[in-house]
Amino acid sequence: MKEEECRVAANTIIQGRYYLMKIESAYISEKSKPGNFVMVAVSGSNDPLLKRPFGIFKIDPPYFYIYYEVVGRGSKLLASKKEEDRVMVVGPLGNVFPEYENENILFVGGGRGIAPLYFAIEKYSGSNNISLIYGARSKEDLLFTEELKKFPLKETAFYTDDGSGFTKGLVTTDIKEIINRNGINVTFSCGPDKMFESLNEEIGSLGIRNFVSLEAFMGCGFGICYSCVVKGSDGKYKKVCSDGPVFRMEEIKWQT
Ligand SMILES: Cc1cc2nc3c(=O)[nH]c(=O)nc-3n(C[C@H](O)[C@H](O)[C@H](O)COP(=O)(O)OP(=O)(O)OC[C@H]3O[C@@H](n4cnc5c(N)ncnc54)[C@H](O)[C@@H]3O)c2cc1C
């Protein structure tokens, strides 16, 4: 991990409030593995003071990409960056999805949670049997479906809450059937907390290995400030930035 001033090679609006930023860094692009994230300074000044965390969406050395949603001031500032601008980036940070071979893996993405999964699907689809469930509020929030279909996936299921563009439903709607049909023994998921709660209810007791990549408010990104802690099922607090962001589902104390 290191801090580096990086060149913005492109910052493209994909749709609505969703952007893809291509950033030049030989170091980060070569060192990153699926699950890792970076902390990005969204302005050139101390306002806002804190860098913002973003998952690595894909790599193409010397470039890496982040796929982000504009939700507040920091991400809005990031969206205003132009090609050739410079951004301070710290990374790669956090742990990674475990590397498997010849497993039947189900990826479950909720909205922008597809970001770290995309990298993992790209990397692991050659050596594992991969299926994908991907859902979002509406078709405007369900991006990269065509790109994802180009990977050698056993089954893909796309859902929108409002039924626009894809099957109406949640990522959990047909999950048990998809798990049975494809002999799934591992899941990797990323999405909003509510999605994890439902996943835990639906598949937490099936006896398969479930890994979740969590989002949390984050100050430093490497374990110093404790602003990203979540409660573990053992009653102890875990730092999303340095103990995670990838955890076994049963390590986390879910609300339900
Ligand atoms: C490890 C990690 C990886 C992430 N990867 C991505 C990614 O690939 N793409 C992406 O778009 N976002 C990602 N996020 C979330 C992203 O960091 C936040 O959306 C961003 O920091 C918001 O900054 P802001 O200043 O625009 O919003 P703020 O003004 O700080 O907040 C605006 C709204 O966003 C919510 N919010 C802010 N920060 C977070 C957060 N960390 N988690 C959940 N909700 C938050 C707030 O509740 C508020 O409603 C990731 C977060 C973590 C911890």
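Only a predicted model underlies this, so the values are computations on that prediction, with no experimental measurement involved.

Observations concerning helix H6 (residues 193-203)
Of the residues making up H6, those classed as buried are Met 195, Phe 196, Glu 197, Leu 199, Asn 200 and Ile 203. Buried residues in H6 make contact with strand S8 (104-110), helix H5 (175-181), strand S12 (186-190) and strand S13 (209-213).

Observations concerning the site of the ligand
Around the ligand, the structure places 20 residues, and the nearest of them are Arg 52, Pro 53, Gly 74, Ser 75 and Ala 216. Contact between the ligand and Gly 55: a nitrogen atom at 2.9 Å from a main-chain N or O atom of the residue. Between the ligand and Arg 112 there is a distance of 3.3 Å, counted from a nitrogen atom to a side-chain nitrogen or oxygen. In the complex, the protein chains occlude 77% of the 860 Å² of accessible area that the ligand would expose alone. Listing elements by their share of the shell around the ligand, those giving two or more residues are strand S4 (52-55), strand S6 (63-69) and helix H2 (73-79). Here the shell around the ligand gets four residues from one element, more than from any other, and that element is S4. Classifying every residue of the shell around the ligand by side-chain character gives eleven nonpolar, four polar and five charged. Each of domain 1 (2-92) and domain 2 (104-251) gives at least three residues to the shell around the ligand.

A word on helix H3 (residues 114-124)
Across the eleven residues of H3, nine count as buried, placing the element largely inside the fold. Within H3, the full set of buried residues consists of Ile 114, Ala 115, Pro 116, Leu 117, Tyr 118, Phe 119, Ala 120, Ile 121 and Tyr 124.

A few points about the side chain of Ser 25
Note that Ser 25 resides in the loop between strand S2 (18-24) and helix H1 (26-31). Judged by its relative accessible area of 1%, Ser 25 falls in the buried class. Sequence-distant contacts of Ser 25, that is, excluding residues within four places in its chain, are made with Glu 4, Cys 6, Pro 62 and Phe 64.

A few points about the pairing of S13
Counting buried positions along S13 gives four out of five residues, so the element sits mostly inside the fold. Pairing of S12 with S13 involves five bridges; the strand directions are parallel. Residue pairing across strands places Phe 188 opposite Phe 211, the latter belonging to S13. Handedness of the S12-H6-S13 crossover: right-handed. In terms of strand pairing, S13 meets strand S16 (residues 246-248) through three bridges, oriented antiparallel.

Examining the domain arrangement of the chain
Frequently, the measure chosen for interface size is the accessible area removed from exposure when the parts meet. Under the domain assignment, the chain is made up of domain 1 (2-92) and domain 2 (104-251). A C-alpha centroid distance of 21 Å is found between domain 1 and domain 2. Contact between domain 1 and domain 2 buries roughly 2,100 Å² in total, counting both sides, with carbon and sulfur atoms accounting for 68%. Per-residue buried area on domain 1 facing domain 2 is highest for Pro 34, Phe 57 and Tyr 67; these three make up 31% of the total on that side. On the surface where domain 1 and domain 2 come into contact, there are three salt bridges.

As for the sheet that holds strand S10 (residues 153-160)
Pairing within the open sheet is mixed, and its seven strands lie in the order S11-S10-S9-S8-S12-S13-S16. Strand pairing shows two members of the sheet lacking a second neighbour, strand S11 (167-168) and S16, which therefore form its edges. Examined bridge by bridge, S8 and strand S9 (residues 129-136) share seven bridges and lie parallel to one another. Note on S9: the bridge partner recorded for Asn 104 is Asn 129. Contacting S8, S9, S10, S12 and S13, H3 crosses the sheet at an angle of about 155 degrees to S8. The strands that H6 touches are S8, S12 and S13; relative to S12, the one it contacts most, it runs at about 160 degrees.

Conventions adopted
- Residues numbered from 1 in each chain as written.
- Predicted model: local features only at pLDDT ≥ 70, side-chain atom pairs only at ≥ 80, totals over all residues.
- Heavy atoms only, no water.
- Buried < 20%, exposed > 50% of the residue type's maximum accessible area, 1.4 Å probe, protein only.
- Helix = DSSP H or I, 4+ residues; strand = E, 2+ residues; numbered from the N terminus.
- Contact = heavy atoms within 4.5 Å.
- Near = heavy atom within 4 Å.
- Polar contact = N/O pair within 3.5 Å; in protein donor to acceptor, adjacent residues only side chain to side chain.
- Areas by Shrake-Rupley, 256 points an atom, 1.4 Å probe, with all protein chains shown as cover.
- Nonpolar A, V, L, I, M, F, W, Y, C, P; charged D, E, K, R; others polar.
- Domains from an automatic or database assignment.
- Pairing = 2+ DSSP bridges.
- Right-handed = clockwise from strand over helix to strand, strands pointing away.
- Buried area = accessible area lost by both parts, 1.4 Å probe.
- Salt bridge = Lys/Arg side-chain N within 4 Å of Asp/Glu carboxyl O.
- Axes fitted to C-alpha atoms, helices over the stretch in contact; angles between N-to-C directions.

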